[in-house]
Amino acid sequence: MPINGFLFDLDGVIVDTAVFHYQAWRRMANQLGFDISHEFNETLKGISRMDSLNLILAHGGMSLSDDRKLELATQKNEWYLELVSQMTPDDILPGVTGFFHDLKKADHADGPITCALGSVSKNARLILERVGMINDFDAIIDGTKITNSKPHPEVFLKGAAELGLDPAQCVVFEDAVAGVEAAKRGGMFALGIGSPDVLTQADLVVPSLEHITVTELLAAVERARGIGY
Ligand code: BG6
Ligand code: MG
């Protein structure tokens, strides 16, 4: 099946908000009297706000009431939004603008490629507006439209459906272990953005979108399918 859809994660793929999430969660953990490492933070990527909080509290050996948890999640989001409010188009990750430019102008052999955002974040639209990319997506699936966070494939299945495509016609762009798993469970080709040591389930991994063109990606999908993916 030809590739006609690209499904992009947001945090850590389009913009470097993954760092802001870590800073805000770390600030909260430190106030509660423990720390979270960079390594532990990898397990939070792609996970919803409340699920992340539950993982962090378990990591710190704490059990709190639902009311207190809501307070903490709200506080974390306020700290996070303070960081987001400073963002400009300069915060778009290297290679993203060029890749989108390429995507829109290229005349692909197998027809047009449309794209959707597939993010668990409830702040996704706000962030896309801040960096001036809200009109670059044909569909936006965010945390307000799903009930299951990654690694459940819901966000990407909804993205493919909204583009009118079969999952096998889509490539997912992901920086998170949970996001790559969601793509594979959904039946999509997973392009990992980051390190192959972390994103072990991805079909292909590049350090950033600076390192691959649309044509190279489509060729890589064909090659991978040729050898049985
Ligand atoms: C994901 C991030 O995109 O969104 C997670 O990778 C984050 O780290 C999740 O917890 C939810 O984001 P938000 O903005 O709704 O708190
Ligand atoms: Mg991400």
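Since we're looking at a predicted model, the values are computed, not measured.

Caption draft 1: Just the overall build of the chain, in detail. Scanning the chain from terminus to terminus reveals 9 helices and 6 strands. Taking 17 Å as the expected radius of gyration for a compact globule of 229 residues, we find that the chain reaches 18 Å, a close match to that expectation. A sequence separation of at least 24 residues applies to 63% of the contacts in the chain between residues at least 6 apart. With the model as given, the accessible surface of the chain reaches about 10,600 Å², and the carbon-plus-sulfur share is 50%. Once the 19 positive and 32 negative side-chain charges of the chain are each reduced to a mean point, those two points are 4 Å apart.

Caption draft 2: Representation of the coordination of the magnesium ion (ligand 2). Listed as protein donors to the magnesium ion (ligand 2) are Asp9 (OD), Asp11 (O) and Asp175 (OD); their distances from the metal cover 2.1 Å. Binding-site remark: the magnesium ion (ligand 2) is held by donors from one chain whose sequence spacing is D-x1-D-x163-D. With a gap of 164 residues between them, Asp11 in the loop between strand E1 (5-8) and helix H1 (17-32) and Asp175 in the loop between strand E4 (170-174) and helix H8 (177-186) connect regions that are remote in the sequence. This pair shows no difference in class: Asp11 is buried, exactly as Asp175 is.

Caption draft 3: Quick look at the sheet that holds strand E6 (residues 204-206). Read across the open sheet, the 6 strands follow the order E3-E2-E1-E4-E5-E6; overall the sheet is parallel. Pairing within the sheet leaves two strands with one partner each, and these edge strands are strand E3 (139-141) and E6. Neighbour to neighbour, the strand axes of the sheet diverge by 20° on average, direction disregarded. On top of the sheet, helix H9 (residues 214-226) reaches E1, E4, strand E5 (189-193) and E6; it is set at about 130° to E5, its chief contact.

Caption draft 4: Focus on the domain arrangement of the chain. Parsing the chain into structural domains produces domain 1 (5-16 + 90-225) and domain 2 (18-84). Here the C-alpha centre of domain 2 lies 25 Å away from the C-alpha centre of domain 1. Taken together, the contact between domain 1 and domain 2 spans 16 residues of the former and 15 residues of the latter. Across the domain 1/domain 2 interface, buried area totals approximately 1,200 Å², and carbon plus sulfur atoms make up 55% of it. Counting the contacts that link domain 1 with domain 2 gives 1 salt bridge.

Caption draft 5: Geometry of the packing of aromatic side chains. Applying the stated criterion across every chain yields a total of 9 aromatic pairs. Seen in terms of ring centroids, Phe8 and Phe100 are 4.8 Å apart; in terms of plane orientation they differ by 35°. Their pairing is tilted. Residue Phe8 is found in strand E1, and its partner Phe100 is found in helix H5 (residues 96-105); the two are separated by 92 residues along the sequence. The class of Phe8 is buried, set by a relative accessible area of 0%. Residue classification places Phe100 among the buried positions, given a relative accessible area of 5%. Judged by centre distance (5.6 Å) and plane angle (70°), the ring pair of Phe99 and Phe173 falls under edge-to-face. Placement of the pair is Phe99 in helix H5 and Phe173 in strand E4, with a sequence separation of 74 residues. Here Phe99 matches Phe173 in class, with each residue buried.

Caption draft 6: Molecular detail of the site of ligand 1. The immediate surroundings of ligand 1 are formed by 15 residues, with Asp11, Ile47, Ser121, Lys122 and Asn123 found nearest. Contact distances for ligand 1 include 2.7 Å between an oxygen atom and a side-chain N or O atom of Ser121. A total of 400 Å² of accessible area belongs to ligand 1 in isolation, and the protein chains cover 97% of it. If you map ligand 1 onto the pockets, it falls in the largest pocket. For the shell around ligand 1, the residue count by class is 4 nonpolar, 7 polar and 4 charged.

The rules we used
- Residues numbered from 1 in each chain as written.
- Chains lettered and ligands numbered in written order.
- Predicted model: local features only at pLDDT ≥ 70, side-chain atom pairs only at ≥ 80, totals over all residues.
- Heavy atoms only, no water.
- Helix = DSSP H or I, 4+ residues; strand = E, 2+ residues; numbered from the N terminus.
- Rg over C-alpha atoms; globule rule 2.2 N^0.38 Å.
- Contact = heavy atoms within 4.5 Å.
- Areas by Shrake-Rupley, 256 points an atom, 1.4 Å probe, with all protein chains shown as cover.
- Lys, Arg positive; Asp, Glu negative; His and termini not counted.
- Charge placed at Lys NZ, Arg CZ, Asp CG, Glu CD.
- Donors = N, O, S within 2.8 Å, 3.2 Å for Na, K, Ca; no water.
- Buried < 20%, exposed > 50% of the residue type's maximum accessible area, 1.4 Å probe, protein only.
- Pairing = 2+ DSSP bridges.
- Axes fitted to C-alpha atoms, helices over the stretch in contact; angles between N-to-C directions.
- Domains from an automatic or database assignment.
- Buried area = accessible area lost by both parts, 1.4 Å probe.
- Salt bridge = Lys/Arg side-chain N within 4 Å of Asp/Glu carboxyl O.
- Phe/Tyr/Trp six-rings, centres within 6.5 Å; stacked < 30°, edge-to-face > 60°.
- Near = heavy atom within 4 Å.
- Polar contact = N/O pair within 3.5 Å; in protein donor to acceptor, adjacent residues only side chain to side chain.
- 1 Å grid on protein atoms, 1.4 Å probe; cavity = no way out; pocket = protein on both sides within 12 Å on 5 of 7 lines; lining within 4 Å.
- Sits in = over half its atoms within 2 Å of the grid points.
- Nonpolar A, V, L, I, M, F, W, Y, C, P; charged D, E, K, R; others polar.

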